Amino acid sequence: MKKNKWIKLAIMATLPMASTLALPAKPVILAGQKIVINDRNDAPVKTITAEKKWLLLPVKNGAPKQKIEIRVQGKPVRAFDIELAKGQPDWYAYLDISTWKGQQLEITSNDEKAVSADLDAIKQEDRELDAQQSYHEPNRGLFHFSPKRGWNNDPNGLVYYKGEYHLFFQHNPYGVQWGNMHWGHAVSKDLIHWTEVGEALYPDSYGTMFSGSGVVDVDNTSGLGTTSNPPMVVFYTAGEQSWTQGMAYSTDGRKFTKFDRPVVPNIKRDNRDPKVIWYAPGKHWVMVVWVPEANDQHSMHFLTSTNLKDWKEASVLKGGIGNDRYLFECPEFFELPVEGTQEKKWILTGANSQYAIGSFDGQTFVPEIERLNGQRGRDFYASQTYNNEPNGRRIEIGWWRTHTDGNGSKFNQSMSIPLELKLVQTPKGPRLSRTPIKELNNLRENHQNVSAVNLKNGQLFTAKGADAEALEIRTTLTPSNASSIHITVRGVDIFYNVAEQELSVDGVSARAELSDKGKLDLILYVDRTGLEIFADQGLLFMPINKNIPAENKGLTLKATGGDAQCDQLNVYTLKSIWP
Ligand code: FRU
């Protein structure tokens, strides 16, 4: 399960460090250093005239990787690794070649053993030949976003702009494992149904397109749009090469223009993942970047800018060291009201969702409470929240690892469902809660409701209406004299230990507190690729990735050690989000 991440970290660990990384004072295009990857004089070349929209590259998952380079008029325009199929492909990667219509494309492979026959099966098409099957594969989550083709990891640039929610994501369009980082791009009106609109950012001579964020520059402080037509501006790390922070902008939410230089030069080593927000009281922008300090010390650097283009360092906050991943990668930074009070607090998280609550004066974040646990499940990572959300909600989406690369799959990985974050008061102080966004209610199809069921010690209660692969289940339970409660949904056991107030699912355990009245409230979202579990009014969020066989259906409840009550049980079957 950790395999992909290990491979990924191993790649990152071999990257050049500090001394070779600092960006020259004047930006120099590093052309030729990386993108020109073909070093065989006799490398096979296939020349075609671009006539159609797509170049189709045959992929066999697990085949040896070849480095493919595409040149137009002698200039390299695309370069990537691909597990090129020699025989029958598992799937085709689609590369948009419409910008070069009428021009010659030179396609070469620098694999030592590559022969021209390897390139024979590359072809061009105007239609998507797999359109019928796309999004309808048996292993695809029914209500979790996953890319049509290729691998995804982190969500990027979450922003609401001109009537659409944008979801950019770390994307490998050419394979189902991590690599070739692009920013994929999907849009939605409701955060649930997504339309992919092609790659927003392609790797360039500064590096591959690593994670980052997006804002709407409402006052046009950057001058990249106008006040009547404010630009969307996104920030990314040019990874694996210059490790600088880059910027791109758009005024239509589709076409992105990269700014002509990195906006933040390399600070240290493989620093990355810029999160940019507007700090209204100071009328300036704030960027938070993860920076690895000496001795593997994680830190978050805060920078400020008035125009999004010129940034200066404001402060540094240290996190964990090495494998202590507190404040490691993918910062997220925002302010929330403390529910039921006049107070507001700032929250800073890293990729593993451990967080700090504190105050911020526009320059320095001062934590009041540190190292709080965010999610308590498995493989929910690098989450980010929406900028410019029209209803003022703080909505989060995380990368949710799924085991979706088997059987020649043409896609892999997914996002979590969108979650609403709140800062609620608890006896221990303010804490973040996560609950499913209300738009998910629109996926409800069939509904069964039961109330006041006595769960007799040891007797199985079988709920109606759970005969589907996608389910939403909401229940309130009173354990009374029972020592444990077992909920089995689609064959997955959810075990509640009453004395410990602890929930255990598939080897993962976390505390789920009973309310003052001794009740346990639970919300479960169940898909083919796992369960997202919410308890204690969202104070516990436990995503559990697990492939659930299609034939596993149904829902049962059982109390042991004594009787318990099921006060309320609502079971909804959910519709698929896919067209
Ligand atoms: C987190 C991360 C980021 C990086 C990206 C690369 O999963 O490692 O730090 O920008 O993935 O894909």
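What counts, and at which threshold
Residues numbered from 1 in each chain as written. Predicted model: local features only at pLDDT ≥ 70, side-chain atom pairs only at ≥ 80, totals over all residues. Heavy atoms only, no water. UniProt positions renumbered as here; feature names shortened; annotations may be inferred. Helix = DSSP H or I, 4+ residues; strand = E, 2+ residues; numbered from the N terminus. Buried < 20%, exposed > 50% of the residue type's maximum accessible area, 1.4 Å probe, protein only. Pairing = 2+ DSSP bridges. Phe/Tyr/Trp six-rings, centres within 6.5 Å; stacked < 30°, edge-to-face > 60°. Lys NZ or Arg CZ within 6 Å of the ring centre and 35° of its normal. Near = heavy atom within 4 Å. Polar contact = N/O pair within 3.5 Å; in protein donor to acceptor, adjacent residues only side chain to side chain. Nonpolar A, V, L, I, M, F, W, Y, C, P; charged D, E, K, R; others polar. Contact = heavy atoms within 4.5 Å. Axes fitted to C-alpha atoms, helices over the stretch in contact; angles between N-to-C directions.

By the naming in an unreviewed UniProt entry, the protein chain is Glycoside hydrolase family 32 protein, taken from Olivibacter ginsenosidimutans. Note on the protein chain: under the UniProt heading Sequence similarities (unreviewed entry), the record states "Belongs to the glycosyl hydrolase 32 family."

Undergrad: Account for unusual backbone geometry, naming residues and giving values.
TA: The backbone of Lys162 sits at a positive phi, close to 50 degrees, despite the residue not being glycine. The topology assignment puts Lys162 in the loop between strand 8 (150-161) and strand 9 (164-172). The backbone of Cys330 shows a phi angle near 45 degrees, a positive value even though the residue is not glycine.

Undergrad: Explain the pairing of strand 24 (residues 380-385) to me, using residue names and the numbers behind them.
TA: Most of strand 24 is tucked away: 6 of the 6 residues are buried. The sheet contact formed by strand 24 and strand 25 (residues 394-400) spans 4 bridges and is antiparallel. Within the sheet, the bridge partner assigned to Phe380 lies in strand 25 and is Trp400.

Undergrad: So, the packing of aromatic side chains: which residues are in play, and what are the values?
TA: This model, assessed by the stated rule, comprises 30 aromatic pairs. Between Phe168 and Phe256 the ring centres are 5.5 Å apart and the planes differ by 85 degrees, which places this aromatic pair in the edge-to-face class. Of this pair, Phe168 sits in strand 9 while Phe256 sits in the loop between strand 14 (244-250) and strand 15 (257-258), placing them 88 residues apart in sequence. Neither Phe168 nor Phe256 differs from the other in exposure class; each is buried. Here the aromatic rings of Phe302 and Phe333 are separated by 5.2 Å at their centres, their planes lie at 80 degrees, and the arrangement is edge-to-face. Separated by 31 residues along the polypeptide, Phe302 in strand 18 (residues 297-305) and Phe333 in strand 20 (residues 332-337) bring together distant segments of the chain. You can call Phe302 buried: its relative accessible area is 1%. By the ring-pair criterion, three or more aromatic residues cluster together here, those being Tyr279, Phe302, Phe333, Trp346, Phe360 and Phe365. We note Lys53 situated over the ring of Trp54; from NZ or CZ to the ring centre the distance is 4.7 Å. Its end group placed over the ring of Trp578, Arg140 keeps NZ or CZ at 5.6 Å from the ring centre.

Undergrad: Account for the site of the ligand, naming residues and giving values.
TA: Close to the ligand lie 15 residues, the nearest being Asp154, Gln170, Arg272, Asp273 and Glu329. With respect to the ligand, the side chain of Asp154 contributes an N or O atom lying 2.8 Å from an oxygen atom. Separating an oxygen atom of the ligand from a backbone N or O atom of Ser211 is a distance of 3.1 Å. Every element with two or more residues in the shell around the ligand is listed here: helix 1 (3-13), strand 8, strand 12 (208-216) and strand 16 (272-279). Partitioning the shell around the ligand into residue classes produces 6 nonpolar, 3 polar and 6 charged.

Undergrad: Describe the side chain of Thr385, naming the residues involved and giving the relevant values.
TA: In this structure, Thr385 sits in strand 24. Engagement of the side chain of Thr385 in a polar contact is seen with the side chain of Arg394, the distance being 2.8 Å. If near-sequence neighbours (up to four positions away) are discounted, Thr385 is found in contact with Leu158, Lys275, Glu332, Phe334, Arg394, Ile395, Glu396 and Leu421.

Undergrad: Go over the sheet that holds strand 18 with me, naming the residues and quoting the values.
TA: Read from one edge to the other, the open sheet built from 4 strands follows the order 16-17-18-19, with strand pairing classed as antiparallel. Two strands in the sheet have a free side with no partner beyond their single neighbour: strand 16 and strand 19 (312-321). Direction aside, neighbouring strands of the sheet carry axes that sit 20 degrees apart on average. Pairing geometry for strand 18 and strand 19, over 7 bridges, is antiparallel. By the bridge assignment for strand 19, Met300 is matched with Leu317.

Undergrad: Any details on the sheet that holds strand 33 (residues 484-489)? Residues and values, ideally.
TA: Here 6 strands make up an open sheet; going across it, the order is 31-40-33-34-35-36 and the pairing antiparallel. Looking at the sheet topology across the chains shown, the edges are occupied by strand 31 (461-462) and strand 36 (508-511). Summarising the sheet, strand 33 and strand 40 (residues 555-560) pair through 6 bridges and their orientation is antiparallel. Within strand 40, the residue paired with Thr488 across the bridge is Thr556.

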